[in-house]
Amino acid sequence: MTIQQCIYAMEIHHTGSFSEAARKLFVSQSSLSAGIKQLEEEFGIKIFERSKNGAVLTPDGAEFIRYAAEIVAKNDYIINRYKRSNTGARLYVSTQHYDFIADTFCRLVEETTEAEYSLSLQEKETYEVIRDVELACSDIGILAIKDENIDIMNRYLQNKEITFSTLFDVKPHVFLRREHPLSGEAYLRYEMLKSYPFLSYEQGAHKDSWFAEEMISADFAARHIVISDRATLMNVLLRTDAYTVGTGIMPSALNEGKIISVPLDSNSIYSVGYITRNDRRPTPVLEKFISAVRQFRDSI
């Protein structure tokens, strides 16, 4: 198996057509077909079913594509990582969906004076944050782990030779718009929230409760809205009486004070921290980023 064959398979999957994939990859259709046939013969599986409507993944093909995507992603990372000179700062961060991490990252960019640097911040599902660190696609992952899940999450991470380091602990808060009917309350109880739509982040196929970013289970809410990014979450919060539950940390500069947080009456806590591979030593820019996150929390 070659990386090129993996790229062939992924492009056929994306386009749904051998001919269209060949056109986009600037290869002959016969070469592309031969590459897929070699893969199928090597592994003893059939990857695509061809029909007049195009090419469709078989069950074996769907499993193969998931692994192929990881291989191609790692290959792309290596190419991008080393195609430039080794001078300048480099930092690759994967994180759950947090305004304060975006704010800290922006400050790091402002303070990085090197003539060359490569900095990356990607917000992802919890599983993908962990996966990025495991595969060394990211130097660090930012997670908030609920106290009830800390033991199971630590065991999960230890099996992947990853360490979770706590930066600080916070109580859960409810995020809602300033004009929300509950915005004037000093604190909120679970029963006060039941009649309002609950917002949570999509976790893909990994729907275990310990991957969820929110303290409340979706089963609690009669009305539930699932989104995948902070921009959508902000828009829904600003335009409706929906709410979500999080760390309570949101820089007012990012939302102009239109979204507020109200303490949730709960004995639970979030441990906000970072994950790194056990075999990786922190670089100066990574240490600077970690320090900046700590300082941000101390400043609010």
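Above this note sits the structure.
As the structure is a computational prediction, the values presented were derived from the model and not from experiment.

**Observations regarding helix α7 (residues 150-159)**
Line of reasoning, step 1. Within α7 the residues assigned to the buried category are Met153, Tyr156 and Leu157. What you see down the axis of α7 is that its buried residues fit within an arc of 95°, all on one side. Turned more than 90 degrees from where α7 packs its buried face, Asp151, Gln158 and Asn159 sit exposed.
Line of reasoning, step 2. Buried-residue contacts for α7 involve α6 (126-134), β5 (140-146), β6 (162-170) and β12 (270-277).
Line of reasoning, step 3. In the stretch just after α7, Glu161 is the one whose phi turns positive, near 60°.

**A word on the packing of helix α1 (residues 3-15) against helix α3 (residues 29-43)**
Packed helices, taken two at a time, are described by the angle between their axes plus the distance between the axes.
Line of reasoning, step 1. One can describe the packing of α1 onto α3 by two numbers: an axis separation of 9 Å at closest approach and a directional angle of 110°. As judged from the angle between their axes, α1 and α3 are roughly perpendicular. Counting all contacts with α1, which are made through Gln5, Tyr8, Ala9 and Ile12, the residues of α3 involved are Ser31, Leu32, Gly35, Ile36, Gln38 and Leu39.
Line of reasoning, step 2. When its residues are assigned to classes, the contact of α1 with α3 shows six nonpolar, four polar and no charged.

**Things to note about the sheet that holds strand β10 (residues 244-246)**
Line of reasoning, step 1. The sheet built from three strands is open, its strands ordered β10-β7-β11 with antiparallel pairing. Because the sheet does not close on itself, it has two edges, and the strands there are β10 and β11 (259-263). Neighbouring strand axes in the sheet, compared pairwise and without regard to direction, differ in orientation by 35° on average.
Line of reasoning, step 2. In the sheet, strand β7 (residues 173-177) pairs with β10 via three bridges, with the strands oriented antiparallel. Each residue of the ladder has a partner; that of His173, found in β10, is Gly246.

Rules of the game
Residues numbered from 1 in each chain as written. Predicted model: local features only at pLDDT ≥ 70, side-chain atom pairs only at ≥ 80, totals over all residues. Heavy atoms only, no water. Buried < 20%, exposed > 50% of the residue type's maximum accessible area, 1.4 Å probe, protein only. Helix = DSSP H or I, 4+ residues; strand = E, 2+ residues; numbered from the N terminus. Arc of directions from axis to C-beta. Contact = heavy atoms within 4.5 Å. Axes fitted to C-alpha atoms, helices over the stretch in contact; angles between N-to-C directions. Parallel < 35°, antiparallel > 145°, perpendicular 65-115°, else oblique. Nonpolar A, V, L, I, M, F, W, Y, C, P; charged D, E, K, R; others polar. Pairing = 2+ DSSP bridges.

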